[in-house]
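The primary structure of each chain is shown beneath.
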Amino acid sequence: MLLKKIYFLAFSLLCWTTLLGQNYRIGDLYTAPDGSHGIVFYLFPDGSGGWVVALNDASSGCAWGNGTDVPNIPNYLYNYSQMTRDTAGYSRTVTLRSYQNNNSNYAAGVVNIDNGWYLPSTGQLCILFGELPRVSSALINAGGTDLSEAYYWCAAEYIEGVSWAVDFRGSQSNGSMGGFCSLGQSTLCHVRAVRTFKNINNPNMSYLWSTGDTTQNISVSPTQTTTYTVTVSNSGGCADTVAHTIVVNSPEPQRNI
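Here we summarise the structure given alongside this text. As the structure is a prediction and not an experimental result, all values here were calculated from the model.

1. Looking at the pairing of strand β8 (residues 162-167)
Counting buried residues along β8, six of its six residues qualify, which places the element largely inside the surrounding structure. Here β8 shows a buried face lined by V162, W164 and V166 and a second buried face lined by S163, A165 and D167. Pairing analysis gives five bridges linking strand β7 (residues 151-159) to β8, with the strands arranged antiparallel. By the bridge assignment for β8, Y151 is matched with D167.

Structure representation (structure tokens):
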């Protein structure tokens, strides 16, 4: 439902910062505009939204492609740093579907992209792997299925004819950076779609800031370091409070999150 503590650097009366109260927390059930559901597994640090994972696999066994190198899809040669930073699942899925003519025999073709669901990037699937302790039970409680002990395709290639998957068979303790594995594109692997959501104002939520404001967003420009708190409550009486600290300490234009 809420944000973790975030630190900003502000520098003058002319520097305005917008603070946002988050409606969701990891493990919450999300309902998409088309009526489909997912579980939140990541929240953007600025409170603007996050990513959700579908309740069920889009496929329990499909190929990634036909063995050709797809233009504009990154080829990661065991570069774990790049792989964990890649979060462009949506744009990669659009590229793959266009190149593969929306072929439903392939991983990018089985996701419901028309309603916002897409094949996760390497970084997104790695994050999902790390959040399994909080996500797995939420999936089951929502009427979905946990991720199988299997390989799941990512939207990235290794080399021509070989693409990346994450091995969900191992535990986090023995997984390698989320269990990345390079597999031949004809290998039949699972696909679990994800989607991005925006944190819009929820009429079932109320907000109370330390400034007295009751809107979801506030804009502030303190002249000294100031901590702002927001208490978010739902219609059932559940409430929680988080803090945003604006640090005013340097004439140098920089921002740390």
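2. Topic: the packing of aromatic side chains
Here a ring pair, both rings aromatic, is described through the centre-centre distance and the interplanar angle of the planes. With the rule as written, the count across this model stands at 16 aromatic pairs. Here Y78 and Y80 contribute two aromatic rings whose centre-to-centre distance is 6.5 Å and whose plane-to-plane angle is 75 degrees, an arrangement assigned as edge-to-face. Judged by its relative accessible area of 43%, Y78 is partly exposed. With a centroid separation of 5.4 Å and an interplanar angle of 75 degrees, the aromatic rings of Y158 and W164 are classed as edge-to-face. Neither residue differs from the other here; Y158 and W164 are each classed as buried. Residue placement shows R195 over the ring face of W117; its charged tip is 5.4 Å from the ring centre.

3. A closer look at unusual backbone geometry
Phi is positive for N101, close to 55 degrees, though the residue is something other than glycine. Within the element layout of this structure, N101 appears in the loop between α2 (89-99) and α3 (122-130). On the basis of relative accessible area, N101 is assigned to the exposed category, the value being 67%. Here the phi dihedral of N102 falls at roughly 55 degrees; this positive angle occurs in a residue that is not glycine. Here N102 shows up in the loop between α2 and α3. Among the residues examined, N102 registers a relative accessible area of 46% and is labelled partly exposed.

4. Observations regarding the pairing of strand β4 (residues 37-43)
The element β4 is extensively covered by neighbouring structure, given that five of its seven residues are classed as buried. Note that strand β3 (residues 29-31) and β4 share three bridges and pair antiparallel. Bridge pairing in β4 places L29 opposite I39. With antiparallel pairing between neighbouring strands as the criterion, β3 and β4 make up a hairpin whose turn holds five residues, including G35 at a positive phi of roughly 95 degrees. In the sheet, β4 pairs with strand β5 (residues 49-54) via five bridges, with the strands oriented antiparallel.

5. Remarks on the packing of α3 against helix α4 (residues 132-141)
Two elements in contact, α3 and α4, have axes separated by 6 Å at closest approach and are oriented at 80 degrees. Taken together, the axis directions place α3 and α4 in an arrangement best described as roughly perpendicular. Here α3 contributes L128, F129 and G130 to the contact with α4, which in turn contributes L132, P133 and V135. Its residues placed into classes, the contact of α3 with α4 shows five nonpolar, one polar and no charged.

6. Here we look at the pattern of salt bridges
One pass over the full model with this rule turns up six salt bridges. Its salt-bridge partner being R195, residue D34 comes within 3.9 Å of it at the nearest N-O pair. In this pair, D34 sits in the loop between β3 and β4 while R195 sits in strand β11 (residues 194-198), placing the two residues 161 residues apart along the sequence. Among the residues examined, D34 registers a relative accessible area of 35% and is labelled partly exposed.

Thresholds applied
- Residues numbered from 1 in each chain as written.
- Predicted model: local features only at pLDDT ≥ 70, side-chain atom pairs only at ≥ 80, totals over all residues.
- Heavy atoms only, no water.
- Buried < 20%, exposed > 50% of the residue type's maximum accessible area, 1.4 Å probe, protein only.
- Helix = DSSP H or I, 4+ residues; strand = E, 2+ residues; numbered from the N terminus.
- Pairing = 2+ DSSP bridges.
- Phe/Tyr/Trp six-rings, centres within 6.5 Å; stacked < 30°, edge-to-face > 60°.
- Lys NZ or Arg CZ within 6 Å of the ring centre and 35° of its normal.
- Axes fitted to C-alpha atoms, helices over the stretch in contact; angles between N-to-C directions.
- Parallel < 35°, antiparallel > 145°, perpendicular 65-115°, else oblique.
- Contact = heavy atoms within 4.5 Å.
- Nonpolar A, V, L, I, M, F, W, Y, C, P; charged D, E, K, R; others polar.
- Salt bridge = Lys/Arg side-chain N within 4 Å of Asp/Glu carboxyl O.

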